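# Architecture and fold: a report
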Amino acid sequence: MARLTPNQEHNLYIRKSNKIFRYFVRFVVFVLFSLGIYLKIHFTLMKTITVTDIHTEHRPNNTHVTKDLDPAEEESPGYNYSEIVRENNLAKAFRYPATAASEGNWCRYGLLYVKVPKAASSTTAGITRRIAAGFESRLNSTTAKCIIKAGHTKGQSYRDRHPESFLFATVRDPTKRAISRAFFQASNEEVNAEDGFMMNYLTNHMAQQGCVSRGMGGFQMSYIPYTPLPPWSAWIKYEPEAVQNAIHIHDIVRQVIEDYNFIIVVERYDESLVALQLLLGLRAGDILYLSSKSSGDYYLNHLNKKCVLIQKSRTLTPNISFYLSSNEWIAKNYGDYVLQEAASQSLDLTIDAIGKEIFGHALQQFISLKIKAGEECSSNAKFPCMRNGTAQIKEAEKDCFVQDEGCGRWCLDQISFLEDHKKHKTSRL
């Protein structure tokens with residue numbers, strides 16, 4: 001074998017040295033990267049504030065694996081949210097200046113509804129349009145129009161709204177909202193809501209069609225606030241049963257209650273509507289409604305113009321019931337549970353501020369009117385889909401405000417007119 005020249009030996013040495021150096025640099029980079037990941041996880045866990053530290057006695061009991069969470073009578077699983085809201089001062093009475101209400105400033109500057117999906121959203125959007133239409137009809141002008149927003153727009157879009165606009169949203173028990181979302185999606189895809197399908201949607205965090213958020217405290221906590229929590233700051237998969245940064249979640253809930261003029265609690269829908277009516281100085285007929293979508297009925301899929309049967313929510317299987325009462329589910333949605341309770345307690349405080357006697361009388365009047373509307377208008381209303389699944393889009397365009405929002409409007413107007421006429425006649429006696 002030929003002996004290498006000194007020059008060749010030197011070049012070979014240089015190449016070997018460079019190769020060793022490159023391996024060494026890669027090793028150092030790998031070590032530093034791994035150390036960075038470790039320190040990030042370590043300090044995240046060190047900063048974790050779990051609700052366990054606040055109320056350990058209220059940890060959920062997972063032994064009731066067959067518990068059906070769908071009926072409205074079931075209480076929310078998990079912690080004592082009433083106590084948490086009170087201890088952290090998260091509720092307050094909703095208010096809107098009486099002069100601004102009487103002058104209809106909300107009409108001039110905007111009646112703004114944050115339409116949270118699967119939280120009575122289409123029905124409430126219809127009521128929003130009905131309120132505006134009723135107020136416009138009483139103005140001494142044929143051109144004046146109220147500014148209204150009632151689309152699937154997140155709360156952060158209204159951060160710079162006019163101070164005399166009226167901003168409100170709907171909030172719903174996160175478990176019931178998620179079940180409704182999953183069954184509705186199963187209806188759209190024309191499949192049975194089996195366990196696999198349900199779990200797929202119960203862990204879905206899509207912006208509009210999701211059931212949960214990207215670790216932001218719950219779907220509604222990602223949708224309603226002006227400034228939601230950053231992704232994965234309220235829940236992380238490395239500690240799936242723990243609530244992260246509970247203090248920050250409480251701060252966001254408190255700020256939502258402060259920023260909004262009103263929040264409708266879906267589980268207390270009619271009470272909420274009457275409180276809204278009294279805050280804005282409206283008439284009972286302004287908030288009359290027929291539900292836009294109900295399980296067992298058809299609704300129009302506006303993408304393919306096809307009538308779709310909305311599946312009825314059935315008793316949940318043990319596997320799904322177990323997951324919806326698990327520590328993981330509760331941790332993922334802790335913010336939504338707290339927000340719902342804060343809105344409910346704020347509704348109580350608002351009723352107290354209005355006066356229980358005044359509110360009780362208004363609620364009784366509204367319920368009476370609503371029953372009458374149901375009896376006389378339900379069978380006459382022209383929804384986009386008939387009860388047999390036949391589309392009637394042209395007829396619905398005349399009887400609804402937009403799509404399936406506020407359908408039966410002319411029948412409801414007639415009932416409202418007769419009620420106003422009756423009150424006017426009585427007041428003259």
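Worth saying up front: this structure is predicted, and the values here are computed from it rather than measured.

Once that is clear, we can look at the pairing of strand β1 (residues 111-114). Side chains of β1 alternate between two faces, with Leu111 and Tyr113 and Leu112 and Val114 buried alike. Bridge count between β1 and strand β2 (residues 148-149): two bridges; the pairing is parallel. Across the sheet, the residue bridging to leucine 112 is lysine 149, located in β2. Direction of pairing for β1 relative to strand β3 (residues 166-171): parallel, over a ladder of four bridges. What sits directly across from leucine 112, in β3, is leucine 167.

The next point concerns the pattern of salt bridges. In total, this model carries 15 salt bridges according to the counting rule given. Measuring nitrogen to oxygen at the nearest pair gives 2.7 Å for the salt bridge that ties glutamate 405 to arginine 129. Taken together, the positions of glutamate 405 in the loop between α15 (393-399) and α16 (409-428) and arginine 129 in helix α5 (residues 121-138) put the pair 276 residues apart, joining distant regions of the chain. Accessibility assignment for this pair places glutamate 405 and arginine 129 in one class, buried. Of the charged contacts, one joins aspartate 420 and arginine 283 as a salt bridge, the two residues approaching to 3.2 Å between their closest N and O atoms. Placement of aspartate 420 in helix α16 and of arginine 283 in the loop between α10 (269-280) and β5 (298-301) is noted, with a sequence separation of 137 residues between them. The class for aspartate 420 is partly exposed, based on a relative accessible area of 24%. According to the relative accessible area criterion, arginine 283 is partly exposed, its value standing at 38%. Among the ionic contacts, a cluster of salt bridges with common partners joins Lys115, Arg129 and Glu405.

Glancing now at the nonpolar core. Trp106, Phe166 and Phe262 are the most contacted members of the largest nonpolar core, which totals 105 residues. At eight residues, helix α13 (residues 334-354) tops the list of elements feeding residues into this core. Each residue touching phenylalanine 262, except ones within four places of it in the same chain, is listed here: Phe94, Phe166, Leu167, Phe168, Ala169, Ser272, Ala275, Leu276, Leu279 and Leu347.

Turning to the state of the cysteines, a few remarks are in order. For the structure shown, the criterion picks out four disulfides. In this model, cysteine 307 is linked to cysteine 385 through a disulfide, with the two sulfur atoms separated by 2.1 Å. Since a negative S-S torsion denotes a left-handed disulfide, the cysteine 307-cysteine 385 link at about -100 degrees is left-handed. In this pair, cysteine 307 sits in strand β6 (residues 306-309) while cysteine 385 sits in the loop between α14 (356-377) and α15, placing the two residues 78 residues apart along the sequence.

Tallied over the entire structure, the rule returns 16 aromatic pairs. Judged by centre distance (5.2 Å) and plane angle (80 degrees), the rings of tyrosine 96 and phenylalanine 166 are edge-to-face. Here the residue tyrosine 96 occupies a position in the loop between α2 (81-87) and α3 (98-102), and phenylalanine 166 occupies one in strand β3, the gap between them amounting to 70 residues. Assigned by exposure class, tyrosine 96 and phenylalanine 166 land together as buried. The interplanar angle of 90 degrees and the centroid separation of 5.4 Å between the aromatic rings of tyrosine 269 and tyrosine 289 together place this pair among those described as edge-to-face. Residue tyrosine 269 is found in helix α10, and its partner tyrosine 289 is found in the loop between α10 and β5; the two are separated by 20 residues along the sequence. Clustering of aromatic rings is evident, with ring pairs tying together Tyr79, Tyr81, Tyr334 and Tyr337. The positively charged end of lysine 118 is found above the aromatic ring belonging to phenylalanine 184, 3.8 Å away from the centroid. A cation over a ring is seen here: lysine 332 above tryptophan 235, with NZ or CZ 4.8 Å from the ring centre.

The rules behind these values
- Residues numbered from 1 in each chain as written.
- Predicted model: local features only at pLDDT ≥ 70, side-chain atom pairs only at ≥ 80, totals over all residues.
- Heavy atoms only, no water.
- Buried < 20%, exposed > 50% of the residue type's maximum accessible area, 1.4 Å probe, protein only.
- Helix = DSSP H or I, 4+ residues; strand = E, 2+ residues; numbered from the N terminus.
- Pairing = 2+ DSSP bridges.
- Salt bridge = Lys/Arg side-chain N within 4 Å of Asp/Glu carboxyl O.
- Core = buried A, V, L, I, M, F, W, Y, C linked by side-chain atoms within 4.5 Å.
- Contact = heavy atoms within 4.5 Å.
- Disulfide = S-S within 2.5 Å.
- Phe/Tyr/Trp six-rings, centres within 6.5 Å; stacked < 30°, edge-to-face > 60°.
- Lys NZ or Arg CZ within 6 Å of the ring centre and 35° of its normal.

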